[in-house]
There are 2 protein chains.
Amino acid sequence: MSANCWINGEPRDGLPGPDHALHHGYGVFETLAVQQGRIVLEDYHLECLAQGCEHLKIPRPAREVLRKELATAAGDENRAVLKLVITLGVHGWDYRRDADSRGTRLISRYPWPDYPARWQEHGIRVRICDTHVSRNPRLAGIKHLSRIEQILARSEWNDADDIQEGLMLDEEGSVIEGTMTNVFAWLSHGVLATPALHHAGVAGVMRRYLMECADRAGIQLRVASMSLAELMQAEEIFVCNSIIGVWPVIAIGHWKYAVGPMTRQFMNWAAQAQ
Amino acid sequence: MSANCWINGEPRDGLPGPDHALHHGYGVFETLAVQQGRIVLEDYHLECLAQGCEHLKIPRPAREVLRKELATAAGDENRAVLKLVITLGVHGWDYRRDADSRGTRLISRYPWPDYPARWQEHGIRVRICDTHVSRNPRLAGIKHLSRIEQILARSEWNDADDIQEGLMLDEEGSVIEGTMTNVFAWLSHGVLATPALHHAGVAGVMRRYLMECADRAGIQLRVASMSLAELMQAEEIFVCNSIIGVWPVIAIGHWKYAVGPMTRQFMNWAAQAQ
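Residues numbered from 1 in each chain as written. Chains lettered and ligands numbered in written order. Predicted model: local features only at pLDDT ≥ 70, side-chain atom pairs only at ≥ 80, totals over all residues. Heavy atoms only, no water.

Peer 1: Would you take a moment to explain the sheet that holds strand E1 (residues 4-7) of chain A for this structure?
Peer 2: Strand pairing in a sheet takes place through backbone hydrogen bonds and is either antiparallel or parallel in direction. Residue and element names in this part refer to chain A. The 6 strands are arranged E2-E1-E7-E6-E4-E5 in an open sheet whose pairing can be described as antiparallel. The sheet is open, and its two edges are formed by strand E2 (10-11) and strand E5 (38-39), each paired on a single side. Packing against the sheet, helix H2 (residues 42-56) makes contact with strand E4 (27-35), E5 and strand E6 (80-87), and its axis sits at approximately 175 degrees to E4. Those strands touched by helix H3 (residues 63-74) are E1, E4, E5, E6 and strand E7 (104-111), and its axis lies near 30 degrees from that of E7. (Pairing = 2+ DSSP bridges. Helix = DSSP H or I, 4+ residues; strand = E, 2+ residues; numbered from the N terminus. Contact = heavy atoms within 4.5 Å. Axes fitted to C-alpha atoms, helices over the stretch in contact; angles between N-to-C directions.)

Structure follows, in structure tokens:
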């Protein structure tokens, strides 16, 4: 896949060989949508990135520098995907960090993905992945670069026409997230639920935005541990991320779901995100 | 730290921006010692790498190609560290693998580390890390690139004169490994024990080599889950990897240990590794 790439604001082909991201999966990232030439939810992304840097003790680049470099990368594209990566920079072969590491900013631009429109309009089919999300409270919620479990989970199926997303559980069987999405369930007793991410998972920007939409609309929201049985019994299920917005889930394995009014409401909110 | 770097056998400064290793921590690696101009335990490393590739479904480079490229990277250095990384190669911004991905070979050469000789002669002090090793049976044992937990654990202390290694436990409190080493304990009832790595941890090449040495010498070896209490009550403790060989452990927190005859025996075997 073709991509344009900037490192610390300069056009470049790639990262230096001894970078922490490359050898250790150590760093944070955000995946941003460019729509009608605008970077959607940019403030949310920069805030999420700053929190991740703080957790991993990676020097936090100035927000204005990132804004400028993202604008340069977006260029005059109408629609595109930007991926922003912050790494600890160059290091030795072992696991010691350089005390004076200043970090590296990598921004890549990709073409907008060609997902069929029917996935959003009529919903997607989801499998339950065999690959678990590891539990580690120190890493939970952070959008860090050690994503080997997501690649393994996504490689469990090949036919994207048949299955569009995979649901990942932790070792104890709790629902955590999709391979590239967060999950929401409209429960039969009129509560919107999404898994708590205190032990595992990535807290995405679209998840936060939709939680705020729910809050403003007075929808009762429950953020807690969620069993697979509970999810299965939901009236409506949808997944979200910054690129797809909201996709309704119409099947998990052999269980079927309708695209309901609550899902359509969140789909509209996602489309309105600025 | 300076490093020389080769990609797919060609001298290069770094990896392309959109590489799987960089964005997803997806790939395998080996850290190899060059001693007196020879690559130590090269066959063991290539075998370990091949197993990792198989687990992660990364195309396995031909062994003869790797041998040749490692020899080129070793050059005429008397002592050096080589790091060999195999990645899935370039990809898009999401978690899908390209079906025709052929993989990328990255070899970096680093100067031999300047560890003080007394760490080997008189032993090291170890802390118990707050950062856990995640449990994930699908990844356990594999030397993969998602090493964020090791970086976090190693960043728990700064003064390498005071503390030389950190011990990592899993969430259930079992001893798994050091941040960069495997652990052996000579128990008071004449059994050599090392943690089983079915649920978490990295099965290093020096660990395997020393287990084979123990087996040949008729030493009773137990590979099983190990509690911290059990480790603490050992008569001798040592850690190992391909670069340091064997270091005796003389303290874990406030608990003290002697550098005993069993440890010296394994130190000799490590030094004789070819």
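Peer 1: Even after reading the chapter, I still don't get the pattern of salt bridges, so can you show me in this structure?
Peer 2: A side chain of one charge can pair with a side chain of the opposite charge if their charged atoms are brought near each other. All names here are of chain A. For the structure shown, the criterion picks out 36 salt bridges over all chains. Note that arginine 208 and glutamate 47 form a salt bridge whose closest N and O atoms lie 3.3 Å from each other. Of this pair, arginine 208 sits in helix H6 (residues 205-216) while glutamate 47 sits in helix H2, and the two are 161 residues apart along the sequence. Glutamate 47 sits in the partly exposed class, given a relative accessible area of 31%. Three or more residues joined by partner-sharing salt bridges are found here, namely Glu42, Asp43, Glu64 and Arg67. (Salt bridge = Lys/Arg side-chain N within 4 Å of Asp/Glu carboxyl O. Buried < 20%, exposed > 50% of the residue type's maximum accessible area, 1.4 Å probe, protein only.)

Peer 1: Sorry if this is basic, but what is going on with the interface of chain B and chain A here?
Peer 2: Size of an interface: often given as the accessible area lost when the parts come together. The interface is formed by 61 residues belonging to chain B together with 61 residues belonging to chain A. In this structure, the connection of chain B to chain A is made through 4 salt bridges. The partner of Glu156(B) in a salt bridge is Arg138(A), with the nearest N and O atoms 3.6 Å apart. Among the secondary structure elements, those contributing two or more residues to the side of chain B that touches chain A are strand E3 (14-16), helix H1 (20-24), strand E4 (27-35), strand E6 (80-87), strand E7 (104-111) and helix H5 (148-154) of chain B. The element that contributes the greatest number of residues to the side of chain B that touches chain A is H5(B), accounting for 6 residues. For the side of chain B that touches chain A, the residue count by class is 29 nonpolar, 20 polar and 12 charged. Across 3 bridges, strand E3 (residues 14-16) of chain A lies against E3(B) in antiparallel orientation. If you follow Leu15(A) over to E3(B), its bridge partner there is Leu15(B). (Nonpolar A, V, L, I, M, F, W, Y, C, P; charged D, E, K, R; others polar.)

Peer 1: What exactly am I supposed to notice about unusual backbone geometry here?
Peer 2: Glycine aside, residues mostly have negative phi angles, and peptide bonds mostly take the trans form. Residue and element names in this part refer to chain B. Even without being glycine, asparagine 8 reaches a positive phi, approximately 50 degrees. Looking at the secondary structure, you find asparagine 8 in the loop between strand E1 (4-7) and strand E2 (10-11). Positive phi is not limited to glycine here, since leucine 41 has a value of about 55 degrees. For leucine 41, the position within the fold is in the loop between strand E5 (38-39) and helix H2 (42-56).

Peer 1: What am I meant to see in the relation of the copies chain B and chain A here?
Peer 2: A rotation about an axis combined with a shift along that same axis relates the two copies of the chain. The operation relating chain B to chain A is a screw motion whose rotation component is 180 degrees, with 0.0 Å of axial translation and a residual RMSD of 0.0 Å. What the rotation and shift describe, once combined, is the action of a two-fold rotation axis. Of the interface residues in chain B, 100% have counterparts in chain A that sit at the interface too, so the contact is made through matching surfaces. (Least-squares fit on C-alpha atoms with pLDDT ≥ 70 in both.)

Peer 1: Help me out: how do you make sense of the side chain of Thr263(A) in this one?
Peer 2: Residue and element names in this part refer to chain A. Following the sequence through the fold, threonine 263 ends up in helix H8 (residues 261-272). Owing to a relative accessible area of 1%, threonine 263 belongs among the buried residues under this scheme. Those residues within four positions of threonine 263 in sequence are excluded, and the remaining contacts are Glu236, Ile237, Phe238, Val246 and Pro248.

Peer 1: Sorry, what's going on with helix H8 (residues 261-272) of chain B here?
Peer 2: Helical geometry: 3.6 residues make up each α-helical turn, so side chains three or four residues apart lie on a common side. All names here are of chain B. Taking 1.5 Å of rise per residue, the 12 residues of H8 would be expected to cover 16 Å, and the 17 Å separating its terminal C-alpha atoms lies within 8% of that figure. Looking only at H8, the buried set comprises Met262, Thr263, Phe266, Met267, Trp269 and Ala270. Each buried residue of H8 lies within a common arc of 165 degrees when the element is viewed along its axis, so the set occupies one face. Facing away from the buried surface of H8 by more than 90 degrees, the exposed residues are Pro261, Ala271 and Gln272. Where the residues of H8 are buried, they touch helix H4 (117-122), strand E11 (182-186), strand E12 (192-195), helix H6 (205-216), strand E14 (236-241) and strand E15 (245-252). (Expected span 1.5 Å × (residues − 1). Arc of directions from axis to C-beta.)

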